[in-house]
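# Observations on the three-dimensional arrangement
Next come the chains, spelled out residue by residue.
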Amino acid sequence: MAILITGGAGYIGSHTCLELLNAGHEIVVIDNFSNSNPESLERVCKLTGKDFKTYFVDLLDKEMLEKVFLENEIEAVIHFAGLKAVGESVELPLLYYQNNITGTLNLLEVMKHFNVKKLVFSSSATVYGLTERFPISEDFPVGALNPYGRTKLMIEEILKDLYISDQEWGISILRYFNPIGAHKSGMIGEDPFGVPNNLMPYITQVAVGKLTQLNVFGNHYPTVDGTGVRDYIHVVDLAKGHLMALKKTCSTGKLESYNLGTGNGYSVLEVVSAFERASKRKIPFKIVEARKGDVAICFADPLKAKKELGWVAEKGIDEMCEDAWRWQSLNPNGYDVNKDLVSPYLKSSEDFFVGNK
Ligand code: NAD
Ligand code: UD1
């Protein structure tokens with residue numbers, strides 16, 4: 001029996017595939033590579049020494065999706081696939097609703113047809129919208145501020161209705177805070193197409209010389225130094241949270257939402273300092289106007305995940321920055337080049353294993 005990973009080639013998906021394989025799970029990946037590179041999965045294969053099937057399938061193609069379920073014994077699904085750029089979602093809302101909502105509906109229909117009723121879904125802290133109290137717990141009011149956020153909220157609602165209609169479903173909705181960092185090996189990491197929208201990939205690209213300086217979006221927020229505060233979480237901790245959620249979902253079969261965050265908030269300038277310490281490079285920055293739609297502060301109350309899933313984030317901001325820097329410096333152009341890269345964490349290239357795909 002295998003776990004199907006949608007969007008498995010992406011940033012969080014590839015790290016989760018690695019953790020699942022290392023924990024002994026069998027996996028099947030589908031991805032349309034609209035925002036990722038198959039090289040990430042090659043590297044997961046090399047790092048784990050384990051092979052798995054990858055399908056070049058779009059969630060909008062229901063027939064192909066059915067074929068995947070016909071060819072494999074799927075026991076549960078971790079659903080990462082989706083578009084995630086806030087600005088783009090404002091410009092292209094129909095693309096976002098089509099891809100994220102229709103894609104998810106297709107997946108749920110096929111799962112239902114094949115009687116696969118265990119699901120872990122990638123939601124986001126963005127569903128909390130404007131919040132005035134912190135830390136944010138799961139029972140806070142929701143309300144998204146842009147089409148991307150609304151796709152997440154709508155999918156959460158769809159999942160709740162589905163569960164009400166049939167309690168054989170087991171569903172974990174994971175609300176991620178701000179994932180950053182990379183696997184220790186420096187072999188897999190975040191590889192955004194074009195100029196990054198998010199803070200950490202922007203900083204790492206300044207450090208590696210691809211961008212000249214960081215624009216800090218506003219310094220008049222009611223925070224320690226006036227810059228925005230977020231709950232940054234190491235992507236490997238986040239990936240491990242999926243394994244715990246999967247275990248819970250498969251054993252209890254309820255619908256629950258969980259915050260995956262550390263519970264600590266760091267300002268933009270605190271992140272810049274931590275990154276400078278980790279990389280020993282200076283990050284030139286300029287304070288510019290606040291970004292429209294940004295909240296001042298956002299950090300999680302992660303207690304529910306601790307109590308119910310037995311999960312806590314273990315890695316601190318320094319390790320997040322060190323790992324982000326290792327990934328970027330070993331792969332200045334992301335997955336496009338360095339095909340012969342050997343991680344300093346592997347003893348030699350003989351440690352690599354490429355299975356038969
Ligand atoms: P990502 O873009 O790296 O990964 C998403 C993957 O889904 C990509 O490989 C992409 O090619 C694939 N995909 C997109 N649409 C598809 C479709 N129709 N059919 C098949 N594959 C498709 O993003 P990520 O950072 O790994 O995020 C994974 C999930 O977590 C997304 O749903 C995202 O919205 C959510 N999330 C991410 C963050 C973050 O900061 N990275 C925060 C909160 C929530
Ligand atoms: C963004 C998305 C959010 C998504 C989250 C995780 C927006 C408006 N929100 O949130 O929906 O769930 O990513 O993917 O895009 N910053 C700078 N300069 C930069 C980039 C960011 O100063 O070049 C600041 C931001 O103002 C913010 C902090 O850094 O205070 C973090 O920004 P970012 O990484 O984009 O994440 P979020 O704003 O939390």
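For the structure, check the block above.
Description of the structure in this document. Being a predicted model, the structure only gives us computed values, none of them experimental.

### Digging into the overall build of the protein
Scanning the protein from N- to C-terminus turns up 11 helices and 14 strands. Along the first, second and third principal axes, the C-alpha set of the protein runs to 55 × 50 × 40 Å. Here the analysis covers contacts within the protein between residues at least 6 apart in sequence; of these, 80% occur between residues at least 24 apart. When the accessible surface of the protein is totalled, it reaches about 15800 Å², and 52% of it is carbon and sulfur. Charge separation in the protein, taken as the distance between the mean sites of 37 positive and 45 negative side-chain charges, equals 3 Å.

### Examining the site of ligand 2
Taken together, 19 residues form the shell around ligand 2, and within it Leu199, Asn215, Arg230, Arg291 and Asp294 come nearest. Within the contact set of ligand 2, a nitrogen atom lies 2.7 Å away from a backbone nitrogen or oxygen of asparagine 215. A total of 730 Å² of accessible area belongs to ligand 2 in isolation, and the protein chains cover 88% of it. Those elements giving two or more residues to the shell around ligand 2 turn out to be α7 (199-207) and β8 (214-217). Ranked by the residues each element gives to the shell around ligand 2, the list is headed by β8, at four residues.

### Regarding the nonpolar core
Core analysis: the largest hydrophobic core is formed by 40 residues, its most contacted members being Ile5, Ile27, Phe52 and Ile78. Once residues lying within four places of it in the same chain are set aside, the contact partners of isoleucine 78 are Ile3, Leu4, Ile5, Thr6, Thr16, Leu20, Val120, His242 and Leu246. In terms of nonpolar packing, the next biggest core, distinct from the first, is built from 28 residues, Leu107, Met111, Val116 and Ile173 among them.

### Some remarks on the packing of helix α5 (residues 93-113) against helix α6 (residues 147-165)
Their axes nearest at 9 Å, the elements α5 and α6 cross at an angle of 20°. By the criterion of interaxial angle, the relationship of α5 to α6 is roughly parallel. α6 is crossed by α5, and the crossing has right-handed handedness. Contacts between α5 and α6 involve Pro93, Tyr96, Tyr97, Asn100, Ile101, Thr104, Leu105 and Leu108 from the first element and Pro147, Tyr148, Arg150, Thr151, Met154, Ile155, Ile158, Leu159 and Leu162 from the second.

### Topic: the site of ligand 1
Around ligand 1 lies a shell of 26 residues, among which Asp31, Asn35, Ser36, Phe80 and Tyr148 are the nearest. One of the backbone nitrogen or oxygen atoms of tyrosine 11 is found 2.9 Å away from an oxygen atom of ligand 1. In this structure, asparagine 35 approaches ligand 1 through a side-chain N or O atom, which is 2.6 Å from an oxygen atom. Relative to its unbound accessible surface of 820 Å², ligand 1 loses 95% to contact with the protein. Mapped by element, the contributors of at least two residues to the shell around ligand 1 are α1 (11-22), β5 (118-124) and α6. The element contributing the most residues to the shell around ligand 1 is β5, with three residues. In terms of residue class, the shell around ligand 1 is made up of 11 nonpolar, 11 polar and four charged.

### A few points about the sheet that holds strand β12 (residues 266-267)
Read across the sheet, three strands follow the order β12-β9-β14 without closing on themselves; strand pairing throughout is mixed. Two strands in the sheet have a free side with no partner beyond their single neighbour: β12 and β14 (297-298). Here two bridges tie strand β9 (residues 229-230) to β12, and the two strands are oriented antiparallel to one another. Counted as the bridge partner of valine 229 is serine 267 from β12.

### Focus: the pattern of salt bridges
Applying the stated criterion across every chain yields a total of 16 salt bridges. For glutamate 190, the salt bridge identified is with lysine 84, shortest N-O distance 4.0 Å. Of this pair, glutamate 190 sits in the loop between β7 (178-180) and α7 while lysine 84 is found in the loop between β4 (74-79) and α4 (86-91), placing the two residues 106 residues apart along the sequence. A relative accessible area of 16% places glutamate 190 in the buried class.

### Points about the pairing of strand β3 (residues 53-56)
Two elements, strand β2 (residues 27-31) and β3, share four bridges in a ladder whose sense is parallel. The residue bridging isoleucine 30 from the neighbouring strand is tyrosine 55, located in β3. Of the crossover connections in this fold, the one passing from β2 over helix α2 (residues 39-48) to the parallel β3 is right-handed.

### Observations regarding unusual backbone geometry
With an omega of -5°, the peptide bond between phenylalanine 134 and proline 135 qualifies as cis. Tracing the sequence through the fold places proline 135 in the loop between β5 and α6. Phi at asparagine 115 is positive, roughly 60°, even though this residue is not glycine. Position of asparagine 115 relative to the elements: it lies in the loop between α5 and β5. Relative accessible area serves as the criterion here: at 53%, asparagine 115 is assigned to the exposed category. With a phi close to 55°, lysine 280 is a non-glycine residue in the positive phi region.

Thresholds applied
Residues numbered from 1 in each chain as written. Chains lettered and ligands numbered in written order. Predicted model: local features only at pLDDT ≥ 70, side-chain atom pairs only at ≥ 80, totals over all residues. Heavy atoms only, no water. Helix = DSSP H or I, 4+ residues; strand = E, 2+ residues; numbered from the N terminus. Contact = heavy atoms within 4.5 Å. Areas by Shrake-Rupley, 256 points an atom, 1.4 Å probe, with all protein chains shown as cover. Lys, Arg positive; Asp, Glu negative; His and termini not counted. Charge placed at Lys NZ, Arg CZ, Asp CG, Glu CD. Near = heavy atom within 4 Å. Polar contact = N/O pair within 3.5 Å; in protein donor to acceptor, adjacent residues only side chain to side chain. Core = buried A, V, L, I, M, F, W, Y, C linked by side-chain atoms within 4.5 Å. Buried < 20%, exposed > 50% of the residue type's maximum accessible area, 1.4 Å probe, protein only. Axes fitted to C-alpha atoms, helices over the stretch in contact; angles between N-to-C directions. Parallel < 35°, antiparallel > 145°, perpendicular 65-115°, else oblique. Left-handed = near helix turned anticlockwise from the far one by under 90°. Nonpolar A, V, L, I, M, F, W, Y, C, P; charged D, E, K, R; others polar. Pairing = 2+ DSSP bridges. Salt bridge = Lys/Arg side-chain N within 4 Å of Asp/Glu carboxyl O. Right-handed = clockwise from strand over helix to strand, strands pointing away.

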